[in-house]
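A structural walkthrough
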Amino acid sequence: YKINRCKKKKKKNKKIKGSKDMTITKTIYMYFLYIPTYMLPTFDAWQWEPNEMLSCLEHMYHDLGLVKDFNMNPITLKRWLLCIHDNYRNNPFHNFRHCFCVTQMMYSMICLCNLQEKLPQVDILILMTAAVCHDLDHPGYNNTYQINARTELAVRYNDLSPLENHHCAVAFQIFSQPDCNIFSKFDPEAFKQIRQGTITLILATDMARHGEILDSFKQKVDGFDYADEEHVTCLKMVLIKCCDISNEVRPMEVAEPWVDCLLEEYFMQSDREKSEGLPVAPFMDREKVTKPTAQIGFIKFVLIPMFETVMKLFPQIEEAMVQPLRESRDRYEELKQIDDAMNEVQVLQMIQSAEEEEREPDDWREEEVSV
Ligand SMILES: [Zn+2]
C-alpha cells in the first residue's frame, strides 16, 4: 500500500478500497488507520512518543512531495528531524510536542485549504520548515523576562524579538551541519529564498507583533492576489501564527492539558521574577490567573478575530477550526460563571461569619478581662 498523498486524496482512497490484497501487515494497517486523523486539526498528539512524532513529520515531508521535488536525501531528512528533536528543551509548554502540534496543524491547513494548488512548492517547504524550527532551544522564559533580566539573548539581539531571533539562528546552525542539511542540493539562489522565507516566518511568531501582522493581512484579504509576493508573504506569516496558537482549535480533551502546561511555564517565570525583583505580568501570576480567565480573552480577542479573517480566504476552515474556537469560548465562559458563583458563595460565607463575630461582643470583653 502506498500512503495517501494529500493532493490526490480521493483518487487514492478509491484505489485502496478496491484492492483485494488481504495480506496487509499490522504496521501498514495501523498506518492506514491513522491517515485520516493526522491530516485533521482533531489529531491527538498526546498519545505519541517522540519517535512516532518524528516518523509522522518525516512522512509529511514525503507526502507533500517535498522530498521528491527538492531532491532531498531521505536519510538527511531523518537526521535533521532527530537533530531538531534534540534541540528542543523539556519545558512544560515550549517543547518538541508543541513543535509537532504546530507542524501538524500547518500540514492540516495545507490540506484543508488546498494550499498546494495555490502556492508554489517552495512556499509549502518554507511553511513546514518554519513550523518545525519555530521554537528551537526555547528556554521557557518569554521575551519580557529576557529583556527585564537582561539575559545573554536580550543583549545579543538588542531586545528585538530575542527568542525568535534565537530559534531562527539555531535552525540555521543545524542546517550548516552537512549531515543535517536537507537543502544541500539547492543552488545558492534557492537557498537564499528558503532562508529569507523561513526567517520571516519564525520572526512573525513574536506575539508582540500580532496587531501589526493581522492589520496588514486584513488590508490585503478582500482583494487577495496570489501573484503578489507581498500578499503571499503576509498570508504565510498569518498561517504560522494561526498554527502556533492553535491549541484551542483542537478538541477539548486535547486542548485543555496544554493550558495547564502553559500556566505551569508562566508560573515558573513569575515565581522567578518575584524572587529576582522583576516586574510580573498579571496573566502569569498564580495569585491572579485561572484557566477560564486565561483563555476567554485570548480566544475572543486574539484567536477568533484572526481565524475569522483567514476564513474570508478559506471558508472551509469555519467548520473545522472557527466553530471549535467558538465552542471552547462558550465552555470557558460557563466555567467562569461557575468560578464566579463559587467565589460569591465564599464571600457571602465570610460576611456571614464576620457578622456572627460582631454579634458576640460580650464574650470578647469577657475574654479581654480574663486576659
Ligand atoms: Zn510556538
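Cut-offs used in this document
- Residues numbered from 1 in each chain as written.
- Predicted model: local features only at pLDDT ≥ 70, side-chain atom pairs only at ≥ 80, totals over all residues.
- Heavy atoms only, no water.
- UniProt positions renumbered as here; feature names shortened; annotations may be inferred.
- Helix = DSSP H or I, 4+ residues; strand = E, 2+ residues; numbered from the N terminus.
- Buried < 20%, exposed > 50% of the residue type's maximum accessible area, 1.4 Å probe, protein only.
- Contact = heavy atoms within 4.5 Å.
- Donors = N, O, S within 2.8 Å, 3.2 Å for Na, K, Ca; no water.
- Tetrahedral: all angles 85-135°; square planar, octahedral: opposite > 155°, others 65-115°.
- Expected span 1.5 Å × (residues − 1).
- Bend = angle between axes of the 7 residues up to and from the residue.
- Patch = residues over 30% accessible without salt bridge, like charges linked within 9 Å, V, L, I, M, F, W, Y side chains within 5 Å.
- Areas by Shrake-Rupley, 256 points an atom, 1.4 Å probe, with all protein chains shown as cover.
- Salt bridge = Lys/Arg side-chain N within 4 Å of Asp/Glu carboxyl O.
- Lys, Arg positive; Asp, Glu negative; His and termini not counted.
- Charge placed at Lys NZ, Arg CZ, Asp CG, Glu CD.
- Phe/Tyr/Trp six-rings, centres within 6.5 Å; stacked < 30°, edge-to-face > 60°.
- Lys NZ or Arg CZ within 6 Å of the ring centre and 35° of its normal.
- Core = buried A, V, L, I, M, F, W, Y, C linked by side-chain atoms within 4.5 Å.

Remarks on the UniProt feature "binding site: Zn(2+) 2" (unreviewed entry) in the chain
Under the feature "binding site: Zn(2+) 2" (unreviewed entry), the UniProt entry names D135. As for its position among the elements, D135 is in the loop between α8 (121-133) and α9 (143-148). Accessibility expressed as a relative area gives 6% for D135, which makes it buried. For D135, the contacting residues outside a window of four places in its chain are Y88, H94, H98, H167 and D244.

Let's talk about the coordination of the zinc ion
Each protein donor to the zinc ion is listed here as H98 (NE2), H134 (NE2), D135 (OD) and D244 (OD); together their distances run 2.1 Å. Seen from the zinc ion, its 4 donor atoms lie at angles of 84 to 171 degrees, and the figure they make is irregular. One chain supplies every donor to the zinc ion, and in sequence these donors are spaced H-x35-H-D-x108-D. Of the two residues, D135 sits in the loop between α8 and α9 while D244 sits in helix α14 (residues 229-244), which places them 109 residues apart along the sequence. Look at D244 and you get buried, because its relative accessible area is 13%.

A look at helix α16 (residues 291-313)
Here α16 contains 23 residues, and its C-alpha end-to-end distance of 32 Å stays within 8% of the 33 Å for a straight helix at 1.5 Å per residue. I299 marks where α16 bends most, by close to 45 degrees.

As for a negative patch on the surface
A contiguous patch of negative charge, built from E355, E356, E357 and E358, is present on the exposed surface. As for its position among the elements, E356 is in helix α17 (residues 317-358). Residue E356 is classed as partly exposed on the basis of its relative accessible area, which comes to 41%.

Structural notes on the environment of T76
Looking at the secondary structure, you find T76 in helix α5 (residues 74-86). When its relative accessible area of 6% is taken as the criterion, T76 is described as buried. With 103 residues separating them in the primary sequence, T76 and D179 have C-alpha atoms 6.0 Å apart.

Concerning the packing of aromatic side chains
Applying the stated criterion to the full structure yields 17 aromatic pairs. Here the aromatic rings of W46 and W258 are separated by 4.5 Å at their centres, their planes lie at 35 degrees, and the arrangement is tilted. Within this pair, whereas W46 is found in the loop between α2 (26-38) and α3 (50-63), its partner W258 is found in helix α15 (residues 252-275), the two being separated by 212 residues in sequence. Sitting over the face of the ring of F172, R195 holds its NZ or CZ atom 4.8 Å from the ring centroid. Seen from the ring of Y332, R331 lies directly overhead, with NZ or CZ sitting 5.2 Å from the centre.

Let's talk about a nonpolar patch on the surface
Together, V347, L348 and I351 make up a nonpolar patch on the protein surface, roughly 270 Å² of accessible area in all. Within the fold, V347 resides in helix α17. Exposure remark for V347: the relative accessible area of 44% places this residue in the partly exposed category.

Examining α17
If you check α17, its first and last C-alpha atoms are 60 Å apart, about what 42 residues at 1.5 Å a residue would give, namely 62 Å. Taking the largest bend as the criterion, α17 deviates by roughly 30 degrees, centred on Q323, and proline P324 comes between one and four positions later. Buried-residue contacts for α17 involve α6 (96-112), α15 and α16.

Let's talk about the nonpolar core
Grouped together as the largest cluster of nonpolar side chains are 100 residues, with contacts concentrated most on Y61 and W80. Ranked by residues supplied to this core, first place goes to α6 with 11 residues. Each residue touching W80, except ones within four places of it in the same chain, is listed here: Y61, T129, V132, C133, I174, F175, C180 and I182.

Considerations on the pattern of salt bridges
Side chains bearing opposite charge may pair, as long as their charged atoms lie close to each other. Applying the stated criterion to the full structure yields 19 salt bridges. Close ionic contact of R89 with D137 constitutes a salt bridge, the shortest N to O distance being 2.9 Å. You can see R89 sitting in the loop between α5 and α6 and its partner D137 sitting in the loop between α8 and α9, a full 48 residues away along the chain. Classification of R89 by relative accessible area gives partly exposed; the value is 37%.

Digging into unusual backbone geometry
Phi is positive for N71, close to 55 degrees, though the residue is something other than glycine. Its location among the elements puts N71 in the loop between α4 (66-69) and α5. Despite not being glycine, N114 has its phi angle at roughly 50 degrees, a positive value. Inspection of the secondary structure assignment puts N114 in the loop between α6 and α7 (115-118).

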